[in-house]
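Observations on chain architecture
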Amino acid sequence: LQRYLTDPALKPNLHSNSGDRTWYITMNWATPPFDDIHVRKAANWIMDKQGILQAWGGSTFGEIATHNLPPIVLGGKLPASEYNPYPSEGNRGDEAKAKEEMKQSKYDTNQDGVCDAKECSNLVMINRNVTPWTDAEAVVVSSLEKIGIKVKPRELASSAAYTTIQTVKNKIPIALNAGWGKDYADPYAFVGALFDSRSIIATGNTNYPLLGLTREQAQEFGIEYPEGVTIPSVDADVDACQQIPNTEADQRNQCFADLDKKMMEESVPWVPYLWAKNITVTGKTVTKFEFDQFSGYLSVTQMAVNNKETIS
């Protein structure tokens, strides 16, 4: 990829298209200190997203995410240029804003902007054991440490990392390995699996923050419900958007865009950091290339080759 990016003769054969995918840091609301919304907001304010993007390889590989659902999945209703609830200079994180938020947390006992409670130390953070996640790890660890959140990365094979955070009783507080891409061209392909409380299951769970978790569900899954906290639910919002037919695309997309904003500001389940791009390298025999945004793959019926060219 580096060769194709730097060689003018090869660069036209490198294609970068929206992958309709968000990579994010997920925080478990059933596990301190992330049961506190001020801690979750502080994590969003402090994160050096530009550093993470550089670890991924730069803008060819993705765009810095400012909210949960990729704008293209929302029909362009919420572009990053118009909505960023946690802005910072150069996308490097805003330490002052992060500390102001942390001061409001019950885990910052002296209100100095740094989490000093024992719940903020020795937190297991699940990650993949391959690049670019391992490269991004140091950026995340360093960012969180500025507000007193001290994580201990545990690097696992990609499949093991997922099964670990998908088992509710494991009570993993924070994870860097997670990402989600649309299964079909509608915002519900994100929202239903990731944020609806009715999607929470004991194993294979993808609502990692446990948004909307009830006390009955917690008892069923064998975990404690966070003390003094009521975990909010967006189920009613999801149902309201789902009632809008697909034929009313603008209205439907706007409904889900408003829900995305509500989650970023009022519940804060993630630190979204990257909207990934799909990278394709073609050979010199390919004379026309198209990407099918609906399927998220090459548009094989809209491609052409010159079969008289010699493949090297």
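In what follows, the structure referred to is the one given above.
Below is a short write-up of the structure.

What counts, and where the lines are drawn
Every chain's residues receive numbers from 1 upward, in the order its sequence appears when written. For this predicted model, a pLDDT threshold of at least 70 governs which residues receive local features, and a threshold of 80 or more governs which side-chain atom pairs are given and counted, while totals over whole chains, interfaces and linings are taken from all residues. Processing note: side-chain calculations cover all non-hydrogen atoms of the structure and skip hydrogens and water entirely. Helical segments are the DSSP runs of H or I of at least four residues, strand segments are the runs of E of at least two, and each set is numbered from the N terminus. Each helix should span, by expectation, one fewer than its residue count multiplied by 1.5 Å. Residue exposure (1.4 Å probe, protein chains only): buried if accessible area is under 20% of the type maximum, exposed if over 50%, otherwise partly exposed. Any Lys or Arg side-chain nitrogen located within 4 Å of an Asp or Glu carboxyl oxygen qualifies as a salt bridge. Note on ring pairs: Phe, Tyr and Trp rings are taken, using the six-membered ring of Trp, and paired if centres are within 6.5 Å. Classes follow the plane angle, with under 30 degrees stacked, over 60 edge-to-face and the rest tilted. A ring has a charge above it when a Lys NZ or an Arg CZ is no more than 6 Å from the ring centre and no more than 35 degrees off the ring normal.

Brief notes about helix α5 (residues 133-145)
Between its first and last C-alpha atoms α5 spans 18 Å; for 13 residues at 1.5 Å apiece the expected length is 18 Å, and the two agree. Within the span of α5, buried status applies to W133, A136, E137, V139, V140, S143 and L144.

Structural notes on the pattern of salt bridges
Inspection of every chain in the model, using the stated rule, returns 13 salt bridges. The salt bridge partner of E100 is K103, with a shortest N-O separation of 3.0 Å. Take K103: its relative accessible area is 30%, and that puts it in the partly exposed class. D186 is the partner of R252 in a salt bridge, and the nearest nitrogen-oxygen pair spans 2.7 Å. Taken together, the residues R252 in helix α10 (residues 249-267) and D186 in the loop between β6 (179-181) and α7 (188-195) connect sequence positions 66 residues apart. For R252, a relative accessible area of 6% translates into the label buried.

Let's talk about the packing of aromatic side chains
What the rule picks out here adds up to 6 aromatic pairs. Their ring planes at 70 degrees and their centres at 5.2 Å tell us that W56 and W133 sit as a pair that is edge-to-face. With W56 in helix α3 (residues 49-56) and W133 in helix α5, this pair connects stretches of sequence that are 77 residues apart. Pairwise contacts between aromatic rings join W23, W56 and W133 into one cluster. If you follow R40 out to its NZ or CZ, it ends over the ring of W29, 4.0 Å from the centre. The positively charged end of R128 is found above the aromatic ring belonging to W133, 4.2 Å away from the centroid.

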